[in-house]
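# Structural overview for review
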Amino acid sequence: MLEVANLEVVYNDVILVLRGLSLTVPDGKIVALLGANGAGKTTTLRAISGLLDVHEGDITKGSIRFDGEDVTEAAASDIVRLGIKQVLEGRRIFAELTVDENLRTGAYTNKDKQSVTDSYERVMDLFPRLKERRKSVAGYMSGGEQQMLAIGRALMSNPKLLVLDEPSLGLAPLLVQQIRDIIVDINKQGTSVLLIEQNANMALSISDYGYIMETGKIVMDGEAKKLLGDEDVQEFYLGLHGEEGERKSFRDVKHYKRRKRWLS
Amino acid sequence: MLASLPLLLAQTAPVDPAVQASGGGLTRFLAMLVSGIALGAIYALLALGFVIIFKATQVVNFAHGAIAAVGAYLTAYFAVTLNFPGSLIGGPRWLQWSLSAVVAILMTAVVGLVLERLFIRPMIGEPLFSVAIITLGIDILVRTITDDFIGTGVRPVGDPWGAGIWNIGGIRIAQTQIVTVLVAAAAMVAVAAFFRSRTGVAMRATAFDQEAAMAQGIGVGRIFALSWGIGAALAAIAGIFASVFPRSPGVMATTTAFFAFRAFPAVILGGLDSVGGAVVGGFVIGIVEVAAGTYLSPYADVLGVGFQGIVPYLVMLLVLLIRPYGLFGTKEIRRV
């Protein structure tokens, strides 16, 4: 179980990005983290997987615990060893390496040969497409295949918690569905998932629980089903406006100003 | 280093006596080719180490030559001065020497690791330009210390082949050159095999995208250190074979360190970030240099003695004019 408590993150010593963010990812669940651009979603993930250093970021307050162990200041490689694996935004596959080699980098922390073979089989079962392209150079694959590779690579170390940063980014609707189904499959096999998405509809439809963040804080959280039905979420994230066929005048639209800031 | 550039250019490879004695026509051409490949193998090793460090850490390592000199000096020290470990285990002469060389190469690799840990690791995240300047400082530091150990004279590395020459159907080939090519080939195969291993794949991944590599749990710091270790070991091998007949009578203060700068055209030719390019570039530059020495020597009164020493730089300039990113380099604009 991942527990983030009152996290505060500062970039370059001056830019305060997270202001006391708390969230929990229980074992075996899918949790969605939604928010507009610049809300601090990716920063949250960086803090969890120990990648803040690269971006001159620092955790100034709060704590991150995974399975009872404090990982607030842990190095990225130790966090991976403990079982948290992040799929970075924009896939970030090693384009010059082949598919197999990409998968081997994912298994870097896993020294047990048998378990590497098992993970490899699992990935090949989940993504039959990768099996066909095992020997090809990863950079020449399509966006969808690259996203599959990025998720497969993450699974190679057999993580307990998979952290996904916008897996549907830049993919066709059909592929988004495919990725969605795969996330559900992975979760069914016993891996907890923390999912970040712009595509709120897709994220909430498969999640157990959802958090909505704005300017570095959680402003709303609840059961995914409840959030899906929430009037505000519908309006701001799902793009639904009241009854179908109802024409909105500008004056009606303006009412969002009233709700621009949510109270949590 | 820049102030001593004229010295660097003036000090050129002596014309290979074996090639000169090989008569004319085809035999002379073949002898020239072998000599060129041997010289090219040394350049290729230097370039390979340089590129491995550059690819993994984005650091232009100006201390590469100094490290090569460390390897050559340590070999001279272990093989000639101490006779370690040869005096302990006995065995044939070539085996004793090879073991001394292996000890020296491993120690040079450790020197590379230590240098990375002390001077480069604290600079991670700083502008690459600053790091490059730091390697210039490392070059001066390491060179000064090694020069002090070497002294003013020439230290033979004590290789068992000496000035031996094989005569194969009239083609006269220095024995050391065959050894050079074989050892270099073995080192290149080892590097190629390493890049297929778990750690090697991790190194290539790190070279491509550091953050993504970290997200896979790869210890990027360890990969950096390892690249310096491998680079230093390859430089040491090159340094040793640059200090044997017919190139040089032994390790010399400053001269041996500066020899490595002649591999720079090879690196540029192949492309700074291409491992394969470094090897190809090394051989091309080696062959071109020896060919120039062999065929242009009659025109010494026009071109001047030692013209072959600047031919690699001419080739480099030519390549840079046509393909600024090198023959095999990645075509991209890199901010340095």
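Our subject is the structure listed above.
Below is a summary of the structure that appears in this document. (Residues numbered from 1 in each chain as written. Chains lettered and ligands numbered in written order. Predicted model: local features only at pLDDT ≥ 70, side-chain atom pairs only at ≥ 80, totals over all residues.)

## Focus: the sheet that holds strand β3 (residues 30–35) of chain A
Across a sheet, paired strands are connected by hydrogen bonds in the backbone, their directions being either parallel or antiparallel. Residues and elements named next belong to chain A. Overall, mixed pairing links the 6 strands, which are arranged β6-β7-β8-β3-β9-β10 in an open sheet. Strands with a single pairing partner mark the edges of an open sheet, and in this sheet they are β6 (84–87) and β10 (217–223). Sheet twist, expressed as the mean angle between neighbouring strand axes with direction ignored, is 15 degrees. Pairing between strand β7 (residues 161–165) and strand β8 (residues 192–197): 5 bridges, direction parallel. Bridging across to β8, Val163 finds its partner in Leu194. Lying on the sheet, helix α1 (residues 41–49) is in contact with β3, β6, β7, β8 and β9 (209–214); it crosses β7 at an angle near 150 degrees. (Pairing = 2+ DSSP bridges. Helix = DSSP H or I, 4+ residues; strand = E, 2+ residues; numbered from the N terminus. Axes fitted to C-alpha atoms, helices over the stretch in contact; angles between N-to-C directions. Contact = placed C-beta atoms within 7 Å.)

## Considering the interface of chain B and chain A
With 16 residues of chain B at the interface, the matching set in chain A holds 22 residues. Among the elements of the structure, α9 (198–208) and α10 (210–215) of chain B are those that each provide at least two residues to the side of chain B that touches chain A. The leading source of residues in the side of chain B that touches chain A is α9 of chain B, at 6 residues. Tallied by class, the residues present in the side of chain B that touches chain A amount to 9 nonpolar, 3 polar and 4 charged. (Nonpolar A, V, L, I, M, F, W, Y, C, P; charged D, E, K, R; others polar.)

## Observations concerning helix α16 (residues 311–322) of chain B
Residue and element names in this part refer to chain B. With 12 residues, α16 should cover 16 Å at 1.5 Å per step; its first-to-last C-alpha distance of 17 Å lies within 8% of that length. Among all positions in α16, only Val311, Pro312, Val315 and Val319 are buried. Buried residues of α16, seen end-on, are gathered within an arc of 105 degrees and therefore sit on one face of the element. For α16, the elements touching its buried residues are α13 (264–270) and α14 (275–295). (Expected span 1.5 Å × (residues − 1). Buried ≥ 20, exposed ≤ 12 C-beta atoms within 10 Å, placed from the backbone. Arc of directions from axis to C-beta.)

## Structural notes on α9 of chain B
Those residues of α9 of chain B not exposed but buried are Val201, Ala202, Met203, Arg204, Ala205, Thr206 and Ala207 of chain B. Buried residues belonging to α9 of chain B abut α3 (99–106) of chain A together with α3 (25–57), α10 and α11 (220–242) of chain B.

## A few points about the environment of Gly151 of chain B
Secondary-structure assignment places Gly151 of chain B in the loop between α7 (128–150) and β1 (154–155). In this structure the C-alpha to C-alpha distance between Gly151 of chain B and Met252 of chain B, which are 101 residues apart in sequence, comes to 8.0 Å.

## A short note on the packing of α3 of chain A against α9 of chain B
Where α3 of chain A contacts α9 of chain B, the two axes come as close as 9 Å, and the packing angle between them is 100 degrees. Between α3 of chain A and α9 of chain B, the angle falls in the class roughly perpendicular. Where α3 of chain A approaches α9 of chain B, its residues Glu101, Arg104 and Thr105 of chain A are matched on the opposing element by Arg198, Val201, Ala202 and Ala205 of chain B. Here the contact of α3 of chain A with α9 of chain B is built from residues that sort into 3 nonpolar, 1 polar and 3 charged. (Parallel < 35°, antiparallel > 145°, perpendicular 65-115°, else oblique.)

## Remarks on the packing of helix α6 (residues 93–120) of chain B against α11 of chain B
Residues and elements named next belong to chain B. Close contact between α6 and α11 brings their axes to 7 Å; oriented N to C, the two are set at 140 degrees. The orientation of α6 relative to α11 falls into the category oblique. As α6 runs across α11, the sense of the crossing is right-handed. Taking contact as the criterion, the partners of Ala101, Ala104, Ile105, Thr108, Ala109, Val111, Gly112, Leu113, Leu115, Glu116, Arg117 and Ile120 in α6 are, on α11, Phe224, Ala225, Trp228, Gly229, Gly231, Ala232, Ala233, Ala236, Ile237 and Ile240. (Left-handed = near helix turned anticlockwise from the far one by under 90°.)

## With respect to the pairing of strand β1 (residues 2–11) of chain A
All names here are of chain A. Bridge count for β1 against strand β2 (residues 15–25) is 8 bridges, and the pairing is antiparallel. Across the sheet, Leu7 pairs through a bridge with Leu21, a residue of β2. As consecutive antiparallel partners, β1 and β2 are separated by 3 residues, and within that stretch Asn12 has a phi angle of approximately 50 degrees, a positive value. The pairing of β1 with strand β4 (residues 57–66) spans 8 bridges and is antiparallel. Opposite Val9, over in β4, you have Ile59 as the bridge partner.

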